[in-house]
Amino acid sequence: MNQISPLAYVHPEAKLGDNNIIGPFCFIDKNTVIGDNNNLQNSVTVHTGARIGNGNEFFPGASISTKPQDLKFAGEETTCIVGDNNSIRENVTISRGTASKGTTKVGSNNLLMECVHVAHDCVLGSGCIIGNATKFAGEVVIDDNAIVSSTVLCHQFCHIGGYVMIQGGCRFSQDIPPFIIAGKDPTKYCGINLIGLRRRGFSNEKIQMIHEAYRLLYSKGIMAEGIEEIKKNLPECEEINYIIDFVKSSKRGIVR
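This structure is a prediction, so every number in the text was calculated from the model and none was measured. (Residues numbered from 1 in each chain as written. Predicted model: local features only at pLDDT ≥ 70, side-chain atom pairs only at ≥ 80, totals over all residues. Heavy atoms only, no water.)

(A) Geometry of the overall build of the chain. Regarding its fold elements, the chain presents four helices and 28 strands. At 20 Å, the chain has a C-alpha radius of gyration in line with the 18 Å of a compact globule built from 256 residues. If one aligns the C-alpha atoms of the chain with their principal axes, the spans along those axes are about 65 × 40 × 30 Å. A total of 256 residues make up the chain; the buried ones form 48% of that total. By sequence separation, contacts in the chain at least 24 residues apart represent 29% of the contacts at least 6 residues apart. For the chain, the computed accessible surface area is about 11,900 Å², with 51% contributed by carbon and sulfur atoms. Across the chain, the mean location of the 25 positive side-chain charges is 6 Å away from that of the 26 negative side-chain charges. (Helix = DSSP H or I, 4+ residues; strand = E, 2+ residues; numbered from the N terminus. Rg over C-alpha atoms; globule rule 2.2 N^0.38 Å. Buried < 20%, exposed > 50% of the residue type's maximum accessible area, 1.4 Å probe, protein only. Contact = heavy atoms within 4.5 Å. Areas by Shrake-Rupley, 256 points an atom, 1.4 Å probe, with all protein chains shown as cover. Lys, Arg positive; Asp, Glu negative; His and termini not counted. Charge placed at Lys NZ, Arg CZ, Asp CG, Glu CD.)

Structure below.
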């Protein structure tokens, strides 16, 4: 049975699962779907188009599936999908999609700290930690298990690789490839995310191979030449293929 505060508003057309807690002054709009075992603390807003999974906790002031901050948005019906077991802290805003992609997606088991903004059509993977007041512009893609520190500003269309650590206060308009630490001003490659990879169970052999891949990649002025060096000198494996595919598919170029 759901526990809905008498001071909350739930639209009659909203679809709620079971065992949800809807705190006082929450607002749940029409055309919304909320799964089971979610906890919406006081003053949480769930706008039209929200599709929320199970076991999420939303802290006061969170606003989910907001109208996109995009002047091209013409009121088309779009969605904002949130997975399972996320912690969405105070005053986080997640916009729904636009006609470009139609949806904004947030995976599962993420921590979004206070005042994070996830703009329209972003795709946020699972197992990510996003620091206080970090802002992602439209159509940014963040792969699984990324750690983005506080007050980071990410340009639209950027791609952030998995298992990265981005230092606080960074601002960038190029892609951040996987497994690395990115920081300084301007934002650049600062080495392998050694501690993060060890915590995630990567073996020393895999870590050394990743390190060697980036040594070869950045040894050449042209990324395509660096990729050829990786292919010639390192055995094929999942991690190496991920790095190569990421760099080859980058539209904005990777940080140097």
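From this point, the narrative continues.
(B) Molecular detail of helix H3 (residues 223-233). All buried positions along H3 are accounted for by Met223, Gly226, Ile227, Glu229 and Ile230. Seen from one end, H3 has its buried residues packed into an arc of 155°, which puts them on one side. The elements touched by buried residues of H3 are helix H2 (204-218) and helix H4 (238-249). (Arc of directions from axis to C-beta.)

(C) A look at unusual backbone geometry. Residue aspartate 185 is joined to proline 186 through a cis peptide bond whose omega torsion reads 0°. Assignment of secondary structure puts proline 186 in the loop between strand S27 (180-183) and strand S28 (188-192). With a phi angle near 60°, asparagine 91 is a residue other than glycine that sits in the positive phi range. Residue position: asparagine 91 is located in the loop between strand S13 (87-88) and strand S14 (93-95). For glutamate 139, which is not glycine, the phi dihedral falls at a positive 65°.

(D) Representation of the pairing of strand S11 (residues 63-66). One ladder, built from two bridges, connects strand S8 (residues 45-46) with S11; its direction is parallel. Among the inter-strand pairings, threonine 45 is bridged to a residue of S11, identified as serine 63. As paired strands, S11 and S14 are joined by three bridges and run parallel to one another. Along S14, the bridge assignment pairs threonine 66 with serine 95. (Pairing = 2+ DSSP bridges.)

(E) Just the packing of H3 against H4, in detail. Between H3 and H4, the least distance of the axes is 11 Å, while the angle of their chain directions is 165°. One finds that H3 runs roughly antiparallel with respect to H4. Handedness of the crossing formed by H3 with H4: left-handed. Residues Met223, Ile227, Ile230 and Lys231 of H3 touch H4, and the partners they reach there are Ile240, Ile244, Val247 and Lys248. Within the contact of H3 with H4, the residues separate by chemical class into six nonpolar, no polar and two charged. (Axes fitted to C-alpha atoms, helices over the stretch in contact; angles between N-to-C directions. Parallel < 35°, antiparallel > 145°, perpendicular 65-115°, else oblique. Left-handed = near helix turned anticlockwise from the far one by under 90°. Nonpolar A, V, L, I, M, F, W, Y, C, P; charged D, E, K, R; others polar.)

(F) Fine view of the side chain of arginine 96. Examined against the element boundaries, arginine 96 turns out to sit in the loop between S14 and strand S15 (103-106). In this structure, arginine 96 is buried with no salt-bridge partner, the nearest side chain bearing the opposite charge being aspartate 29 at 7.0 Å. (Salt bridge = Lys/Arg side-chain N within 4 Å of Asp/Glu carboxyl O.)

(G) Quick look at the packing of aromatic side chains. The tally for this structure, following the rule as stated, stands at eight aromatic pairs. Aromatic pair phenylalanine 179 and phenylalanine 202: ring centres 5.8 Å apart, planes at 70°, arrangement edge-to-face. Here phenylalanine 179 is found in the loop between strand S26 (171-172) and S27, whereas its partner phenylalanine 202 is found in the loop between helix H1 (194-199) and H2, with 23 residues between them in sequence. For phenylalanine 202, a relative accessible area of 14% translates into the label buried. Ring centres of phenylalanine 179 and tyrosine 242 lie 5.6 Å apart, and the angle between their planes is 85°; this geometry places the pair in the edge-to-face category. (Phe/Tyr/Trp six-rings, centres within 6.5 Å; stacked < 30°, edge-to-face > 60°.)

So far we have only geometry, and geometry alone does not tell us how the molecule works.
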